[in-house]
Amino acid sequence: MGANNRPTVEDVMSTPLETISKDASVREAAQQMRAKNINALVVLTTPRAIISSTDVLDAVAEGRDVSELRVDEVMTTDVETATPDLYMEEVAAMMDTYGIKHLPVVDGDYVGMVSSTDVTAHLS
């Protein structure tokens, strides 16, 4: 735990980080999220990107063929990231400011993912 027993990103983040190729189908991304019981995957691209369950849901709602659609056609790019030493309050503020639910955790390289669910669980 961080100072004053305040949880940091490192205490609550999901590891190992689940990733997917930008060339994978959106269906494969959805299947991987369901299998791992998570709502976002880091896409291994530069600049940083993620595909979330919301991105998949939007594609389905728009009537797009998710078996043909590729991850890089729906992913969210220029993703905000967190560092392992941030406190939950700081992460909550970032998520609120940017209107996001997932932050890849970066310490030189990707090390995990923190979600709004993780934050809520530790701030309640």
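Our structure's up above, just so we're on the same page.
Just so you know, these numbers come straight off a predicted model, no measurement behind them.

Novice: What exactly am I supposed to notice about the overall build of the chain here?
Specialist: Summing up its helical and strand segments, the chain has six helices and six strands in all. From first element to last, N terminus to C terminus, the chain shows the α and β order α-β-α-β-β-α-α-β-α-β-β-α. Evaluated residue by residue, the chain yields a buried proportion of 41% over its 124 residues. Sequence separation of at least 24 residues holds for 54% of the intrachain contacts in the chain that already meet a minimum separation of 6. Surface exposure of the chain reaches about 7000 Å², of which carbon and sulfur atoms provide 46%. Within the chain, the 21 negative side-chain charges are centred at a point lying 6 Å from the centre of the 9 positive side-chain charges.

Novice: What am I meant to see in the pairing of strand β3 (residues 49–52) here?
Specialist: For a regular strand, the rule is simple: side chains alternate between the two faces of the sheet. A two-sided burial pattern is seen for β3, the buried positions comprising Ala49 and Ile51 on one face and Ile50 and Ser52 on the other. Where strand β2 (residues 40–43) meets β3, four bridges bridge the pair, whose relative direction is antiparallel. Residue pairing across strands places Val43 opposite Ala49, the latter belonging to β3. Between β2 and the antiparallel strand that follows it, β3, lie five residues.

Novice: How do you make sense of the sheet that holds β3 when you look at a structure like this?
Specialist: Hydrogen bonds along the backbone pair up the strands of a sheet, which may run parallel or antiparallel. Pairing is mixed across the open sheet formed by four strands, whose spatial order is β1-β2-β3-β4. Only two strands of the sheet have a single partner each, and these edge strands are β1 (19–20) and β4 (76–77). Pairing analysis gives two bridges linking β1 to β2, with the strands arranged parallel. Pairing of Ile20 across the sheet is with Val43, part of β2. Sitting on the sheet, helix α3 (residues 53–61) touches β3 and β4, and the angle it makes with β3 is about 60 degrees.

Novice: How should the nonpolar core be read in this particular structure?
Specialist: Nonpolar side chains in soluble globular proteins tend to be buried together. In terms of nonpolar packing, the biggest core is built from 16 residues, with Ile20, Ala29, Val43, Ile51 and Val71 touching the most fellow members. Broken down by secondary-structure element, the contributors of at least two residues to this core are α2 (26–36), β2, β3, α3 and α4 (71–74). Ranked by the residues each element gives to this core, the list is headed by α2, at three residues. With 13 residues, the next largest nonpolar core counts Met88, Val91, Met94 and Val119 among its residues.

Novice: How should α2 be read in this particular structure?
Specialist: Side chains three or four residues apart in an α-helix point the same way, a direct result of the helix having 3.6 residues per turn. Those residues of α2 that fall on the buried side of the exposure criterion are Val26, Ala29 and Met33. An end-on view of α2 places all buried positions within 55 degrees of arc, on one side of the element. Exposed residues lying more than 90 degrees from the buried face of α2 are Arg34 and Ala35. For α2, the elements touching its buried residues are β1, β2, β3, α3 and α4. Positive phi appears at Asn37, one or two residues downstream of α2, with a value of about 55 degrees.

Novice: Sorry if this is basic, but what is going on with the packing of helix α5 (residues 88–98) against helix α6 (residues 116–123) here?
Specialist: Working note: a packed helix pair is described by the angle between its axes plus the distance between those axes. Across the interface, α5 lies against α6 with an axial gap of 10 Å and an inter-helix angle of 135 degrees. Here α5 lies oblique to α6, going by the angle between them. Note that α5 runs across α6; the crossing there is left-handed. Note on element contacts: α6 touches α5 through Ser116, Val119, His122 and Leu123, opposite Met88, Glu89, Val91, Ala92 and Met95.

Parameters and conventions
- Residues numbered from 1 in each chain as written.
- Predicted model: local features only at pLDDT ≥ 70, side-chain atom pairs only at ≥ 80, totals over all residues.
- Heavy atoms only, no water.
- Helix = DSSP H or I, 4+ residues; strand = E, 2+ residues; numbered from the N terminus.
- Buried < 20%, exposed > 50% of the residue type's maximum accessible area, 1.4 Å probe, protein only.
- Contact = heavy atoms within 4.5 Å.
- Areas by Shrake-Rupley, 256 points an atom, 1.4 Å probe, with all protein chains shown as cover.
- Lys, Arg positive; Asp, Glu negative; His and termini not counted.
- Charge placed at Lys NZ, Arg CZ, Asp CG, Glu CD.
- Pairing = 2+ DSSP bridges.
- Axes fitted to C-alpha atoms, helices over the stretch in contact; angles between N-to-C directions.
- Core = buried A, V, L, I, M, F, W, Y, C linked by side-chain atoms within 4.5 Å.
- Arc of directions from axis to C-beta.
- Parallel < 35°, antiparallel > 145°, perpendicular 65-115°, else oblique.
- Left-handed = near helix turned anticlockwise from the far one by under 90°.

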